[in-house]
Amino acid sequence: MEVFIIILMLLVLIGVSNVLYRFVPFIPVPLIQIVLGASLVVVPLGIHLHLEPELFFILFIAPLLYNDGKHTPRDELWRLRAPILLLAVGLVFITVCVVGYSVHWLIPSIPLAAAFGLAAILSPTDAVAVGSLAGRIHLPRSLKRLLEGEALMNDASGLVAFKFAIAAAVTGVFSLPKASFSFLVISIGGLLVGAIVAFLIVGLRHLLRRAGLEDETMHMLLQILTPFLLYLIAEELGVSGILAAVAGGLVHAIENERMPFTMPNLKSVSNPTWSVILFVLNGLVFVLLGLQIPDVSRTILSDPAFDNFKVIGYAVLIYAMLLVLRFVWTFLFSRGGRWFGNKSNEVPSLRILTLTSISGVRGAVTLAGAFSIPLLLENGDPFPQRDLIIFLASSVILLSLLTASIVLPLLAKKKSTTDDAEKERLEREWQIEVMGAAVRALQKTSNEENEMAVSTVISDYKLMMQQLGQKDGKTKRLPRSRQEEAGMRLLALGIERKYVNDRLESGQVSREQANYYLNMLEQVELILANKLDLGKVILKTLWRRLKMIVFVRQPSVVSGISEPDMTALRTLKMQCSQAVVDEFSERCALQSDEATEGVLEYYRQMLDRLRRYTIGSRRKDRSFDECRRELHWIAVQAERDAVQVFFEKGDITRDMAALLRRVIRNREASLYELEEIV
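Residues numbered from 1 in each chain as written. Predicted model: local features only at pLDDT ≥ 70, side-chain atom pairs only at ≥ 80, totals over all residues. Heavy atoms only, no water.

*Asks:* Would you explain the overall build of the protein chain in this entry?
*Replies:* Counting its secondary structure elements, the protein chain contains 25 helices and zero strands. For the protein chain, with 678 residues in total, the buried portion stands at 50%. Residue pairs in contact within the protein chain that sit at least 24 positions apart in sequence constitute 80% of those at least 6 positions apart. Element-wise, carbon and sulfur atoms account for 63% of the exposed surface of the protein chain, whose accessible area totals about 33,000 Å². (Helix = DSSP H or I, 4+ residues; strand = E, 2+ residues; numbered from the N terminus. Buried < 20%, exposed > 50% of the residue type's maximum accessible area, 1.4 Å probe, protein only. Contact = heavy atoms within 4.5 Å. Areas by Shrake-Rupley, 256 points an atom, 1.4 Å probe, with all protein chains shown as cover.)

Right, here's the structure in full:
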């Protein structure tokens, strides 16, 4: 039961980390998750979860690398094969030799074989951390593919080198020719076993389909079991389970390309299922990493035998050596050309080489490998400086993540556009991209029952996209100040609210109609509110409702409304809109600004739409209206999701994301008002 409670708490922390990331997107999710995991140990709750290295590799690393292999473009891996191998194999062994001798020289109490083991486990980059950083920072595409390919392959080379170094430290015996031959057997054997087992699993699935077993749930279960089978079979045969998982992912990528023609429904089940699995596994990797760090640090920092400043200095120096080695290695081999798949002899710039060096972050594989160091030597003596080695590995992980988080955004930052016309063009282009995501989401929901409603909403979006595409540089831009814009909209809603209350007191509208309209205004306020004024709007709304209940003693929300009342509400909306237009026209006559003019134009358009509806009004079927309303909210949510994806990938800046979200909020408020009264 205790383990179950701990797992639930870890899952909650994963959710919390992603919520926090929305508010502090400049901090990578892995760092947030590490901090949350560490805080769970620091807070005196008595929580301790031992990291079992073998279980960690099969439960987390195997499915994550299998998925990476399945989604990494094979043509780009092949095009970048030379630099990937130079980083994943060549750099690993150079790191083992240089850093291993350096660590032994710096800390003589760590034997040479153990120092080689530390260097070996520090050599692999972490695929999960690389993916998280590359998704948030706009790295060049070739560099991103290079880092992904390196992270797929260097786990195996680093772990094999680590295995032989630790074996030499435990037994005192090491043979370079034997180790080299074993490395080739383990690596090539892992790739072959992974490919063969994957082909057998694909063949099994084909046989099941021929036998009439087309159940997507069963085939999904086979997909989930595949990476674990690949890893276990390879490890039982004495070859690399990690490379077997990667090879299996590449083989299954070929099958996925043919899936739409064989089992079209499986893809719709597979993608969301794997999305949830990977979300949980990615999060657990770093939360578990955070759980281990406090105990590891406490063991060394509280030990009087160690000078804390000197130990931390060793960690910084080792990380600096890793950076310099990576930079020099890439610099030397980039002189020969064809480094990033270029067919010309163009040499990568200093910026690209620096990005390549700092992007090599270490992660969970490093810590899991360090924890796999045995407690005792073959003669029964304790493994020399095991706690110090684990501490140094943990420190390098944190240093690499922190450095990449701080430095990469500065190096990868795009030059800001200063030309106003160019900024306006980019704004319109991204608005069109976001609306395109909404159209695609609507197309996916289309079926025989809602085909007409989907077509109507898509037509609305295509018209808006067409209008944006036709605008020139002279188009007035949206106001940049969120406070100013929100203030003008809230002021307009206040004018509407005053108008309705005046008509209520004079008996020109009924209590039910006034309550319905005022509730609609409150909902629009909540939609328009941003993070800065959301709390204020909610408090005002609650206070208004409390006064309504205490003093008027009638409900402020109406459960249903008749057609005559709806007609009266449309008339009231036209009157309210005209009142806003009159007052804002006077404001513009005295002093014009973008925010005031924008609100004035919005209410004029609302009046025009209401008049056109009233003149030729033909009430559609109620079910059609409900379906259209639901589709509008699906489209708006798709727009929000698209903005977040673009921002996390680094395609748009924070300011652009804020602008796009503001546009979506305005459109949502407009849709809500129109849907409520039309």
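Moving on from the coordinates now.
*Asks:* Would you mind going over helix 9 (residues 176–210) with me for this structure?
*Replies:* Each full turn of the α-helix corresponds to 3.6 residues, which orients residues three or four apart in the same direction. Taking 1.5 Å of rise per residue, 35 residues should cover 51 Å, and helix 9 covers 51 Å from first to last C-alpha, within 8% of that figure. Downstream of helix 9 by a residue or two, G212 has a phi angle that is positive, lying close to 95 degrees. (Expected span 1.5 Å × (residues − 1).)

*Asks:* I'm lost on a nonpolar patch on the surface in this one. Help?
*Replies:* On the surface, a cluster of nonpolar side chains totalling about 500 Å² of accessible area is made up of V3, F4, I5, I7, L8 and L11. Secondary-structure assignment places I7 in helix 1 (residues 2–23). (Patch = residues over 30% accessible without salt bridge, like charges linked within 9 Å, V, L, I, M, F, W, Y side chains within 5 Å. Salt bridge = Lys/Arg side-chain N within 4 Å of Asp/Glu carboxyl O.)

*Asks:* What exactly am I supposed to notice about the nonpolar core here?
*Replies:* One recurring pattern in soluble globular proteins: nonpolar side chains tend to sit buried together. Judged by nonpolar contacts, the single largest core of 106 residues is most densely connected at L10, F56, I110, L118, I318, F383 and L392. Top element by residues in this core is helix 12 (residues 264–301). It accounts for 13 residues. If sequence neighbours within four positions are ignored, I110 has contacts with V103, H104, A115, Q385, L388, I389 and L392. Judged by nonpolar contacts, the second largest core, of 33 residues, contains M488, L493, A579 and C588. (Core = buried A, V, L, I, M, F, W, Y, C linked by side-chain atoms within 4.5 Å.)

*Asks:* Just to check I follow, could you spell out the pattern of salt bridges for this structure?
*Replies:* Once the charged atoms of two side chains with opposite charge are near each other, the side chains can pair. Taken as a whole and assessed by the stated rule, the structure comprises three salt bridges. We note a salt bridge from E496 to K573, for which the minimum N-O separation is 3.0 Å. With E496 in helix 19 (residues 482–505) and K573 in helix 22 (residues 563–590), this residue pair connects regions lying 77 residues apart in the sequence. For the pair E496 and K573, one class covers both residues: buried. A salt bridge links K498 to D502, with the shortest nitrogen-to-oxygen separation between them at 3.2 Å. Within this pair, K498 and its partner D502 are both found in helix 19, separated by four residues, close to a single helical turn. Residue K498 is classed as exposed on the basis of its relative accessible area of 53%.

*Asks:* Is there a simple way to think about unusual backbone geometry in this case?
*Replies:* Negative phi values dominate among residues other than glycine, just as trans dominates among peptide bonds. Phi angles above zero are rare outside glycine, and Q385 is one such case at about 55 degrees. Structurally, Q385 can be placed in the loop between helix 15 (364–371) and helix 16 (386–412). In this structure Q385 comes out as partly exposed when scored by relative accessible area, which is 24%.

*Asks:* What is the right way to look at the packing of helix 3 (residues 53–71) against helix 10 (residues 216–236) in this model?
*Replies:* Packed helices, taken two at a time, are described by the angle their axes make and the gap between the axes. Where helix 3 meets helix 10, the axes come as close as 9 Å, and the angle between the chain directions of the two elements is 115 degrees. For the crossing formed where helix 3 meets helix 10, the hand is right-handed. Counting all contacts with helix 3, which are made through E54, F57, I58, L59, A62, P63, Y66 and K70, the residues of helix 10 involved are Q223, T226, P227, F228, L230, Y231 and L232. Here the contact of helix 3 with helix 10 is built from residues that sort into 11 nonpolar, two polar and two charged. (Axes fitted to C-alpha atoms, helices over the stretch in contact; angles between N-to-C directions. Left-handed = near helix turned anticlockwise from the far one by under 90°. Nonpolar A, V, L, I, M, F, W, Y, C, P; charged D, E, K, R; others polar.)

*Asks:* Just to check I follow, could you spell out the packing of helix 9 against helix 10 for this structure?
*Replies:* Packing of helix 9 against helix 10 leaves a shortest axis separation of 10 Å and a crossing angle of 155 degrees. Of the possible angle classes, the one that applies to helix 9 and helix 10 is roughly antiparallel. Where helix 9 crosses over helix 10, the handedness of that crossing is right-handed. Of the residues in helix 10, those in contact with V193, G194, V197, A198, I201, R205, L208 and R209 of helix 9 are M218, H219, L222, Q223, T226, L229, L230, I233 and A234. The class makeup of the residues in the contact of helix 9 with helix 10 is 11 nonpolar, four polar and two charged. (Parallel < 35°, antiparallel > 145°, perpendicular 65-115°, else oblique.)

*Asks:* Explanation requested: the packing of aromatic side chains in the structure shown.
*Replies:* The geometry of an aromatic ring pair is captured by two quantities: the separation of the ring centres and the angle between the planes. Across all of its chains, the model carries six aromatic pairs by this definition. A ring pair is formed by Y101 and F116, whose centres lie 5.2 Å apart and whose planes are at 85 degrees; its orientation type is edge-to-face. Residue Y101 is located in helix 5 (residues 81–106), and its partner F116 is located in helix 6 (residues 112–122); the two are separated by 15 residues in the primary sequence. Here F116 falls in the buried class, since its relative accessible area comes to 19%. Cluster of aromatic residues (ring-pair linked, three or more members): F56, F57 and F60. In this arrangement the basic side chain of R587 is found over the ring face of F584, its NZ or CZ atom lying 5.9 Å from the centre. (Phe/Tyr/Trp six-rings, centres within 6.5 Å; stacked < 30°, edge-to-face > 60°. Lys NZ or Arg CZ within 6 Å of the ring centre and 35° of its normal.)

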